[in-house]
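# Architecture and fold: a report
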Amino acid sequence: MSHDKLSSMQIRRRTLLASMAAAGASAGLSTLGVSRAFAQEPEKPAEIIVRAWGGSWVDALKAGVSDSFTKATGIAVRHDLTEDNEIQPKVWAAVAQKRVPPIHVNWDTTTNATKSALRGVTEDLSDLPNLKDTTELAKPVGLDGYPIVNTYGYVYVLAYRPSAFPNGAPKSWKDLLDPKLKGRIALYNDGIGFHFPAQVAGGGKLEDIPGNMQPAWDFISKIKEQQPLLGEDPDFTTWFQKGEIDAACTISTNAREAKKNGIELAWVVPEEGAKFDTDGLWIPKGLPENELYWAKQYINHALTREAQQVWLDGLGLPGVVPGLTPPADLVDDPSYPVTEEAFEHLIRISSKVQVENESQWFAKFKEIMQG
Amino acid sequence: MTGSRSKSVVLWTFVTAALLMLSAPTVVVLGASFTAGNIITFPPDGLSLKWYGAIAQASDLRQAFVRSLIVATICTVVAIPVGTLAGIALAKYRVRFARSIQIYLLLPFTIPLIGSGIGLMLVFGNAGVLGKLWPVGIACCVINLPFMIWAVTASASNLSPDLELAAANCGAPPLQRFLYITLPAVLPGVITGSLLMFILALNEFLVSLLLVDARSVTLPVQIYNSIRSIITPDLAAISVVFIACAAFVIALLDRLVGLDIFLKSK
Amino acid sequence: MRTPRAAYPVTWRVMDMLERLAAAVWPSSFQRGLPYLMLLPAIVLVGLLVLGLVQIGDTSLRVLDTSTFLMSEDYTLANYQRVLTENFFATVAGRSLMGSLIVTAITLLFAFPYAYLMVRTPSSALRKFLLVALFLPFFIGQVVRAYGWLIILGNQGMVNEALGLVGVPPMRLLYNYPAVLFGLVQYMLPFAVLMLAPALTAIPNELEAAAASLGAGWVRTFRYVVLPLSRPGLVGAGLVVVTLSLTDFAIPAILGGGTQDFIANAIYDQFFRTSDQGLGATLSLMLVAVGSILVGVVFMLFGAGTLAMGETRK
């Protein structure tokens, strides 16, 4: 494998993609449709494999991105529903053992994706033509180039059962300390989404993250006295459904999905703020050249306005291209921030800081909760 | 006769409690699969077969089920000779370092499944065989192998050295002694063990999760992965279909070899 | 006309051929090696896990660098030091060990009568029913089964509703330590019964009848005849239950409400959540060590189950 050969291929692909983008933009067609015109287009694989979360998440991706990709290219899309955490060691091992990775595209949390990027198992995506139309949210913070592309943002809201709050919606995360909520609240089992608002609720400053997070740990210790249940997304829905809990810190999409399924539920961003984070797409190293090309096309397609609109309507989340219309039920909803003002209430910590300290935060959270 | 009555009372108290413990969630899930509503409840919210209709549409589930059957078959086919020979060797012969060997053979149980999964993923990955089904079958066999070995050794007290000596006296050569005396004696253990191996492999997910990819995913992994936000009654319906298939196989096995006689004491 | 060979059935001839083959491949002078040859396939299969353990052992000696998410090049014992000094790991390890011992005791207590009835009942239908009831729970995935328990034991579950009828306020029955132990017992019960059944089958019914005819009540018969003779099965079942519950991951995760982690859950977190494979590997190896020591102790205290019996007979 000569180095020159690789880099020349890269250049050819880049110019190709750029010209495709120009053609696509001028003709008002999807770039994919136009790409067929090029004779040197690499051989199409029969299918590509995209890792996705199950349930309504994969349904939304399929409707918004995968189906239209298949329609435009004729390449089938198979969804691998392995959890993001669980695919990670599989992909890492494949790259380390120089095998072809089990997936073409990984739909991942930005934090997890950043770990993979730091480890060097991701392909560079800077040459995707549609990146030029994206907002700055698409660019991962603290990394060179685009080892990942963020595709939307989401908020860890305080979801609650209205009937358990007869005096109105909770205003503060401190409302979770109400004695009548003892044993009736739930958090993610590594505390994700809760560390930062806890820092504020505990009287600390966000600027002190990661240096001094004692206020967060103090607040979490108080929460521990409330005997919270710890779980994952399906647990929260189940617990709300079966009357086990009245409030939880969870991703708004799951709360919305539960509500759609007839569970009485509402959500707020409390006064201390709520964690805002992003998910993204990336491609693992080690794919054959032609499959890599089509995997990139998939991500490029996911950044078109049409694809984003349908995909994110399904998820109820704000995307990374301008001009998307929010779903009717989420206009002015704090879990769907679009304005500067809305973002002011949200807490955003760079993924670099998160990635470097996350294992300590998780360990500390566990230590408090398992004690 | 009060003695035997009190014995029955004690026996049945424990057995009833055990049956309740074993079956309660199963019964609830079975019942819930016939619900007309959108959530798993018991008693079900109206009666309908709509969730069965939903899973009948899903060809990926069917394919995953077939893969699970293949995996379970490979696992059992490998486990029967391997486990039977090892079990007989441990039970019948005086083996040096027997305790160390037994501790070694119990490694599949003392290694947490996640460790086994990661380890096997690396080993099979190095060998370049990931993505095929047979490594998954072998993996399921390895992690459950102690069941097979212990089921065989547990029934090996049926082995009577005298019987073998008698056969030898009558001029039966070693292989015949093995086939006609030793093997039948441990057959109950072999049957119990292989049934267990098959069913466990059919339902294994934690190790398989690390060994399959999207093209070779097995049913339990598929089900586990598809749960993200809402647990819907189709999962209950799948369980019911699964049970029905298993019941059919067990009934068939019963017809062919008569499960009953292997457990009945003489 | 007829040759004497014609009277010799085909199967016999096949057997003779096989015998000669076997004798050629394995002359009787090798007799002492036979048990080892029989053990070989199992040892090779389990060897796959040992190969994996070697890799895990290598990882356990490296620490994670969170700026590159690679494991360090140099070997260090830092992970072991962390595991041995941090309180969290002691809490989790203590919980798992204690849990597995309690679960083993309770499981055997329930499994024994179950296996006994299954083996001794004159009714073939009852025997099959008991057998099938053992296998059913396997087919309901863990997650769905946990949902089933929630319907039964949840705050608004059937048990709490029934208690509500007699005026008892709803109480939390799930998501605590007893719930995890209960779940483990339920999960382990089939294994224990299936391990016990063959051993009980081997105890002749006549022996019990004889004891009874000599005037022993069933309790004494049980205590002095059945129990000692079923020791191999009990040891086997006990070993299976103690090791499996010590290393279980799913039940503490699902029925513990997130606050009742066992060691395997801590291992899962390291491998999958914080990507610290070194620490995960260290925890795995230490768990293997603890489990193996536990098995060794059981062998020392109770003999090696069936094996001991085989030896005394010989």
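Note that the structure is a prediction, hence the values are computed from the model and not measured.

### Structural notes on the overall build of chain C
Per the secondary structure count, chain C includes 15 helices and 2 strands. Relative to the globule expectation of 20 Å for 314 residues, the C-alpha radius of gyration of chain C, 26 Å, shows a markedly less compact shape. By principal-axis analysis of the C-alpha atoms, chain C measures approximately 90 × 65 × 40 Å. Within chain C, the fraction of its 314 residues that count as buried is 49%.

### Considerations on the overall build of chain B
If you tally the helices and strands in chain B, you get 13 helices and 0 strands. Across chain B, helices and strands are ordered from the amino to the carboxyl terminus as α-α-α-α-α-α-α-α-α-α-α-α-α. Each principal axis of the C-alpha atoms in chain B carries an extent, and together these give about 70 × 65 × 35 Å. A total of 266 residues make up chain B; the buried ones form 56% of that total. For chain B, the share of sequence-separated contacts (at least 6 apart) that also reach a separation of at least 24 residues comes to 75%.

### Things to note about the interface of chain A and chain B
Between chain A and chain B, the contact holds 29 residues from the first and 19 residues from the second. Taken together, the elements giving at least two residues each to the side of chain A that touches chain B come down to helix H3 (56-73), strand E2 (76-80), helix H4 (84-96), helix H8 (233-241) and helix H9 (252-260) of chain A. Class assignment for the residues of the side of chain A that touches chain B results in 10 nonpolar, 11 polar and 8 charged.

### Let's talk about the UniProt feature "domain: ABC transmembrane type-1" (unreviewed entry) in chain C
The UniProt record annotates "domain: ABC transmembrane type-1" (unreviewed entry) at residues 93-298 of chain C. In residues 93-298 of chain C, the share of helix is 78% and the share of strand is 0%. The end C-alpha atoms are 19 Å apart.

### Quick word on the interface of chain C and chain B
Chain C puts 91 residues into the contact, and the matching count from chain B is 97 residues. The element that contributes the greatest number of residues to the side of chain C that touches chain B is helix H2 (residues 34-60) of chain C, accounting for 14 residues.

### Side note on the UniProt feature "transmembrane region" (unreviewed entry) in chain B
Here, UniProt's "transmembrane region" (unreviewed entry) annotation points to residues 69-91, 103-124, 136-157, 178-202 and 235-257 of chain B. When the span residues 103-124 of chain B is considered, its composition is 86% helix and 0% strand, and the gap between its end C-alpha atoms is 24 Å.

### Details of the packing of helix H3 (residues 59-92) of chain B against H2 of chain C
At a minimum axis distance of 8 Å, the contact between H3 of chain B and H2 of chain C shows a crossing angle of 130 degrees. The pairing of H3 of chain B with H2 of chain C is recorded here as oblique in orientation. Viewed along their axes, H3 of chain B and H2 of chain C form a crossing whose handedness is left-handed. Between H3 of chain B and H2 of chain C, the contacting residues are Val82, Gly83, Leu85, Ala86, Ile88 and Ala89 of chain B on the first element and Pro35, Met38, Leu39, Pro41, Ala42 and Leu45 of chain C on the second. For the contact of H3 of chain B with H2 of chain C, a count of residues per class yields 11 nonpolar, 1 polar and no charged.

### Points about helix H11 (residues 231-246) of chain C
The end-to-end C-alpha distance of H11 of chain C is 22 Å, a good match for the 22 Å that 16 residues give at a rise of 1.5 Å each. With 15 of 16 residues buried, H11 of chain C is to be regarded as a mostly interior element.

### Quick word on the pairing of strand E4 (residues 149-160) of chain A
All names here are of chain A. Among the 12 residues in E4, 12 count as buried, and that is most of the element. Bridging between E4 and strand E9 (residues 274-282) involves 6 bridges; their strand directions are antiparallel. Looking at E9, one finds that Asn150 is bridged to Gly280. In the sheet, E4 pairs with strand E7 (residues 247-251) via 5 bridges, with the strands oriented antiparallel. Looking at the pairing, Tyr160 lines up with Ala247 of E7.

### A closer look at the confidence of the model for chain C
Close inspection of predicted coordinates is inappropriate for parts of the model with low pLDDT. Residues and elements named next belong to chain C. Of the residues in chain C, 94% reach a pLDDT of 70 or more, and the chain-wide mean stands at 88. Contacts of residues 306-314 to residues separated by more than four positions or lying in other chains number 22 contacts, the stretch itself having pLDDT below 50. What the predictor reports for the complex is a pTM of 0.90 with an ipTM of 0.89.

### Some remarks on the nonpolar core
Grouped together as the largest cluster of nonpolar side chains are 292 residues, with contacts concentrated most on Ala111, Ala115, Ala192, Val193 and Leu196 of chain C. It is helix H8 (residues 177-201) of chain C that provides the largest number of residues to this core, a total of 18 residues. When residues of this core are sorted by domain, at least three fall in each of domain 1 (3-153 + 278-328) and domain 2 (155-276 + 338-370) of chain A. With residues near it in sequence (within four places) discarded, Ala192 of chain C still touches Thr107, Leu108, Ala111, Ala237, Val240 and Val241 of chain C.

### Some details on the packing of H4 of chain A against helix H13 (residues 263-273) of chain C
Two elements in contact, H4 of chain A and H13 of chain C, have axes whose closest approach is 8 Å; the angle formed by their N-to-C orientations is 70 degrees. Judged on the interaxial angle alone, H13 of chain C and H4 of chain A are roughly perpendicular. Contacts between H4 of chain A and H13 of chain C involve Asn85, Glu86 and Pro89 of chain A from the former and Phe271, Phe272 and Arg273 of chain C from the latter.

### Re unusual backbone geometry
Across the junction of Ile209 of chain A and Pro210 of chain A, the peptide omega takes the value 5 degrees, indicating a cis bond. Note that the residue after Phe42 of chain B, namely Pro43 of chain B, is joined by a cis bond; omega there is -5 degrees. Relative to the helices and strands, Pro43 of chain B resides in the loop between helix H1 (2-32) and helix H2 (50-57). Positive phi, close to 50 degrees, is recorded for Gln227 of chain A, a residue that is not glycine. Turning to its location among the elements, Gln227 of chain A is positioned in the loop between helix H7 (214-225) and strand E6 (229-231). Overall, Gln227 of chain A belongs to the partly exposed group, with 17 C-beta atoms counted inside 10 Å. Of note, the phi angle at Tyr175 of chain C is positive, near 60 degrees, even though the residue is not glycine. Tracing the chain through its elements places Tyr175 of chain C in the loop between helix H7 (158-165) and H8. Here Tyr175 of chain C falls in the buried class, since 26 other C-beta atoms lie within 10 Å of it.

### Topic: the environment of Val157 of chain A
Residues and elements named next belong to chain A. With respect to the helices and strands, the residue Val157 is situated in strand E4. The buried category is assigned to Val157, around which 26 C-beta atoms lie within 10 Å. Excluding residues within four positions of it along the chain, Val157 makes contact with Thr250, Ser252, Ala255, Trp267, Val268, Val269, Ala274 and Ser335.

### Remarks on H9 of chain A
All names here are of chain A. Counted residue by residue, H9 has 7 buried out of 9 residues, so it is predominantly covered. Of the positions making up H9, those classed as buried are Ser252, Thr253, Asn254, Ala255, Arg256, Glu257 and Ala258. For H9, the secondary structure elements touched by its buried residues are H3, E4, H8, E7, strand E8 (266-268) and helix H11 (305-315). Looking one or two residues past H9, Gly262 carries a phi angle of roughly 85 degrees, positive in sign.

### What to know about the UniProt feature "transmembrane region" (unreviewed entry) in chain C
Residue and element names in this part refer to chain C. When the UniProt feature table is mapped to this numbering, "transmembrane region" (unreviewed entry) covers residues 36-56, 97-117, 129-154, 174-197, 233-255 and 283-308. Secondary structure within residues 36-56 divides into 100% helix and 0% strand; the distance between the first and last C-alpha atoms comes to 28 Å. The span residues 233-255 carries 87% helix and 0% strand; its end-to-end C-alpha distance comes to 29 Å.

Quick notes on the rules
- Residues numbered from 1 in each chain as written.
- Chains lettered and ligands numbered in written order.
- Predicted model: local features only at pLDDT ≥ 70, side-chain atom pairs only at ≥ 80, totals over all residues.
- Helix = DSSP H or I, 4+ residues; strand = E, 2+ residues; numbered from the N terminus.
- Rg over C-alpha atoms; globule rule 2.2 N^0.38 Å.
- Buried ≥ 20, exposed ≤ 12 C-beta atoms within 10 Å, placed from the backbone.
- Contact = placed C-beta atoms within 7 Å.
- Nonpolar A, V, L, I, M, F, W, Y, C, P; charged D, E, K, R; others polar.
- UniProt positions renumbered as here; feature names shortened; annotations may be inferred.
- Axes fitted to C-alpha atoms, helices over the stretch in contact; angles between N-to-C directions.
- Parallel < 35°, antiparallel > 145°, perpendicular 65-115°, else oblique.
- Left-handed = near helix turned anticlockwise from the far one by under 90°.
- Expected span 1.5 Å × (residues − 1).
- Pairing = 2+ DSSP bridges.
- pLDDT = per-residue confidence, 0-100.
- Core = buried A, V, L, I, M, F, W, Y, C linked by C-beta atoms within 7 Å.
- Domains from an automatic or database assignment.

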